Amino acid sequence: MNQPAPNVSKGATVARVTWRQRFDRWREHHRDVAVDSLRRLRATPLPTLMTLLVIAIALALPAGLFVLIKNVQTLSEGWDGNAQVSLYLTAKTSDAQGRALATQLAERVDVKRTAYISRERALEEFKEQSGLGDILQELGENPLPAVIVVYPAHDTLEQAQKLRDDLARKTEVDEAQLDAQWVQRLYALLALGERLVLALSIGLGLAVLLVIVNTIRLGIENRRDEIVIVKLVGATDAYVRRPFLYTGLWYGLGGSLIALLLIQALLLWLDGPVQAVADLYRSTFALAGLGLGTGLLTIVGSVLVGLLGAALAVRQHLRAIEPG
Amino acid sequence: MISLQKVSKRYDNGREALVNLNFELAPGEMVFLTGHSGAGKSTLLKLIMLIERPSAGQMLVCGQNIAHIPRSAIPYHRRQIGMVHQHHHLLFDRTVYDNVALPLLIAGFSPRDTGRRVRAALDKVGLLDKENLNPATLSGGEQQRVGIARAVVNKPQVLIADEPTGNLDPELSAEIMDLFDQFAQVGTTVLIATHDVGLIHRYDHRLLALHNGELIRDGYDREHL
């Protein structure tokens, strides 16, 4: 039945490509696809910009909050080490008793040193610092108690707290006050803030991921015909996937860059008022930015989320688009 | 070049699209594949392109048994086969040149080689002067020829055409058939699926006829067609 075909020649020669050429083309193809996917994004500026802004805002929120918390932390840095306990002595305690107690307390292992401030010195200091000397003169009697300032031997607030509780039980002591209490409260709040930033980062990172998955999904749907055709002429899955992965990468990169700009703008906007407040407190405090490390981390993280989003979208939808 | 042994295809819904097919196509052979719609022509082409997998049997294409090759090997299989589609399947967001260059781009040819091959293919189909046009601006016959140029640009050993003359007048059909003949002359196996009886009668190529998924005719006989 099968007759020999007429004119059988040596057969068509199959095109051969060396590995070196293949690698060069692969590299060129990556460059072309990267440029082409960027061009496609630019071709639809408004939808692209909206997607980028959604990503940028979602990134700027936790990153901006992080910057603010870091700034408050620098503001309060170095204060926890300087915690001190002020012991206000009872009126019945004599000057000699007070000095004796101060010396005695200085012997304790959990105390670095003590300083005794007599009622007279306290009054003088108060006069100097407050400028209310004339009014105090009118009072006739010194209303200020003697104070023993106790410097704890250990740095941590917990140990200072324990020391305060211990010293408060002494009969000579009317009231014991840990001067670092507000720092402690601030630290608790900052720890809470950090947790909040983490939760916000995870939540909004997930939102960014979903935005990118959905955007890439639409892109795949729009290029359905093209995908079918390139698959018919022998495109591998990697080839089909590549433009979409680059699109995800661009979204991540663009979104994070805009987010960094937003944070920078916020800092510039806050800088004036912050300087004014710092000047009032005679502080040299200056607002710090996100920093190179955190900035890079934001960019890299965002690019990875972009790639992951694209990979998820592609995985989910590309296999469904087959010729036939 | 193409060899089928006891090939059957049963779809998931139970329909028997192809039943126990046996035939062999030699290098440089030009063959018609015919049958009514639903006879199994499209299914057979899909099996050869690995758009579908056979349910049973062995399929050798270019010396390789493709019935069970892994999914990841399918693209490389398709690069060995040029396919001309009834609906052209051209991309209208790029030029004629870029359409024809697509298989070479995917296979990783250098730009220099690509240019040479694309122009040779376009020259072959007589569209060298239209390389920078958008295929949407071309006539149906010209679009078909762009599709043929794309199918042969990689110098495949097998060329498959699905209703290549479907929407064309006899004169244009003759031109297309002439092109196919030239490819067969240089050793390409050409398989043309068509239900155009007039076309089949005008040429004396080997004929495979399907009916309800069975091969009912294989030879040069045109009687009672």
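Residues numbered from 1 in each chain as written. Chains lettered and ligands numbered in written order. Predicted model: local features only at pLDDT ≥ 70, side-chain atom pairs only at ≥ 80, totals over all residues. Heavy atoms only, no water.

(A) Broad picture of the interface of chain A and chain B. Each side of the interface is counted separately: chain A has 33 residues, and chain B has 41 residues. Where chain A touches chain B, the interface holds 4 salt bridges. Salt-bridge contacts for Glu322 of chain A lead to Arg71 of chain B; the nearest nitrogen and oxygen are separated by 3.0 Å. At the junction of chain A with chain B, the criterion picks out 5 residue pairs in polar contact (both at pLDDT 80 or more). When residues of the side of chain A that touches chain B are traced back to their parent elements, those giving at least two are helix 1 (19-43), helix 8 (224-232) and helix 9 (237-280) of chain A. Residue contributions to the side of chain A that touches chain B peak at 5 residues, all from helix 8 of chain A. Classifying every residue of the side of chain A that touches chain B by side-chain character gives 15 nonpolar, 10 polar and 8 charged. (Contact = heavy atoms within 4.5 Å. Salt bridge = Lys/Arg side-chain N within 4 Å of Asp/Glu carboxyl O. Polar contact = N/O pair within 3.5 Å; in protein donor to acceptor, adjacent residues only side chain to side chain. Helix = DSSP H or I, 4+ residues; strand = E, 2+ residues; numbered from the N terminus. Nonpolar A, V, L, I, M, F, W, Y, C, P; charged D, E, K, R; others polar.)

(B) Region of interest: the packing of helix 1 of chain A against helix 9 of chain A. Residues and elements named next belong to chain A. Following both chains from N to C, one finds helix 1 and helix 9 inclined at 55°, their axes separated by 9 Å at the closest point. Judged by the angle between their axes, helix 1 and helix 9 are oblique. Judged by the twist between their axes, the crossing of helix 1 over helix 9 is right-handed. Two secondary-structure elements touch here, helix 1 through Trp26, His29, His30, Val33, Ala34, Ser37, Leu38 and Leu41 and helix 9 through Tyr239, Arg242, Pro243, Tyr246, Thr247, Trp250 and Tyr251. Per-class residue counts for the contact of helix 1 with helix 9 are 10 nonpolar, 4 polar and 1 charged. (Axes fitted to C-alpha atoms, helices over the stretch in contact; angles between N-to-C directions. Parallel < 35°, antiparallel > 145°, perpendicular 65-115°, else oblique. Left-handed = near helix turned anticlockwise from the far one by under 90°.)

(C) Spotlight on the pairing of strand 3 (residues 147-152) of chain A. Residue and element names in this part refer to chain A. Along strand 3, 5 of the 6 residues are buried, which leaves the element largely enclosed by surrounding structure. Sheet analysis places strand 1 (residues 85-89) next to strand 3, joined by 4 bridges and oriented antiparallel. Bridged to Leu87 within strand 3 is Ile148. Where strand 2 (residues 111-117) lies against strand 3, 6 bridges are found, and the strand directions are antiparallel. Opposite Arg113, over in strand 3, you have Tyr151 as the bridge partner. (Buried < 20%, exposed > 50% of the residue type's maximum accessible area, 1.4 Å probe, protein only. Pairing = 2+ DSSP bridges.)

(D) Quick peek at the pattern of salt bridges. As enumerated under the stated definition, the model contains 29 salt bridges over all chains in all. A salt bridge links Arg20 of chain A to Asp24 of chain A; the shortest N-O distance between them is 3.3 Å. Separated by 4 residues within a single helix, Arg20 of chain A and Asp24 of chain A lie in helix 1, roughly one turn from each other. Residue Arg20 of chain A is classed as exposed on the basis of its relative accessible area, which comes to 56%. Three or more residues are tied together by salt bridges with common partners; here these are Asp36, Arg39, Arg40, Arg223 and Glu226 of chain A together with Asp93 and Arg94 of chain B.

(E) Fine view of the domain arrangement of chain A. Once the domains are mapped, chain A shows domain 1 (32-78 + 185-317) and domain 2 (84-179). Between the C-alpha centres of domain 1 of chain A and domain 2 of chain A the distance comes to 53 Å. (Domains from an automatic or database assignment.)

(F) Focus on the layout of surface pockets. Computed from the structure, the largest pocket encloses a volume of approximately 700 Å³. If you trace the largest pocket, you find 28 residues lining it, with Asp36 and Tyr239 of chain A together with Arg94, Leu102 and Leu105 of chain B closest to the centre. The set of elements that each furnish at least two residues to the lining of the largest pocket consists of helix 1, helix 8 and helix 9 of chain A together with helix 3 (96-107) and helix 4 (111-124) of chain B. The leading source of residues in the lining of the largest pocket is helix 1 of chain A, at 9 residues. Its residues placed into classes, the lining of the largest pocket shows 13 nonpolar, 4 polar and 11 charged. (1 Å grid on protein atoms, 1.4 Å probe; cavity = no way out; pocket = protein on both sides within 12 Å on 5 of 7 lines; lining within 4 Å. Points joined across faces, edges and corners; volume = space filled by probe spheres on them.)

(G) The arrangement of empty space enclosed by the protein in detail. For the coordinates displayed, the defined rule picks out 1 cavity of 30 Å³ or more. The calculated volume of the largest cavity comes to roughly 130 Å³. Forming the boundary of the largest cavity are 15 residues, of which Val233 of chain A together with Ile81, Gly82, Pro103 and Arg150 of chain B lie nearest the centre. Listing elements by their share of the lining of the largest cavity, those giving two or more residues are strand 6 (81-84) and helix 5 (140-152) of chain B. If you count residues domain by domain, the lining of the largest cavity takes at least three from each of domain 1 (1-80 + 156-225) and domain 2 (91-155) of chain B.

(H) Structural detail: the sheet that holds strand 1 of chain A. Residue and element names in this part refer to chain A. A sheet is described by the order of its strands in space; here 4 strands give the open sequence 2-3-1-4, paired in antiparallel fashion. Two strands bound the open sheet, and with one partner strand each, they are strand 2 and strand 4 (173-178). With strand direction ignored, the average angle separating the axes of adjacent strands in the sheet is 20°. The strands touched by helix 6 (residues 157-168) within the sheet are strand 1, strand 2, strand 3 and strand 4, with strand 4 carrying the most contacts at an inclination of about 175°.

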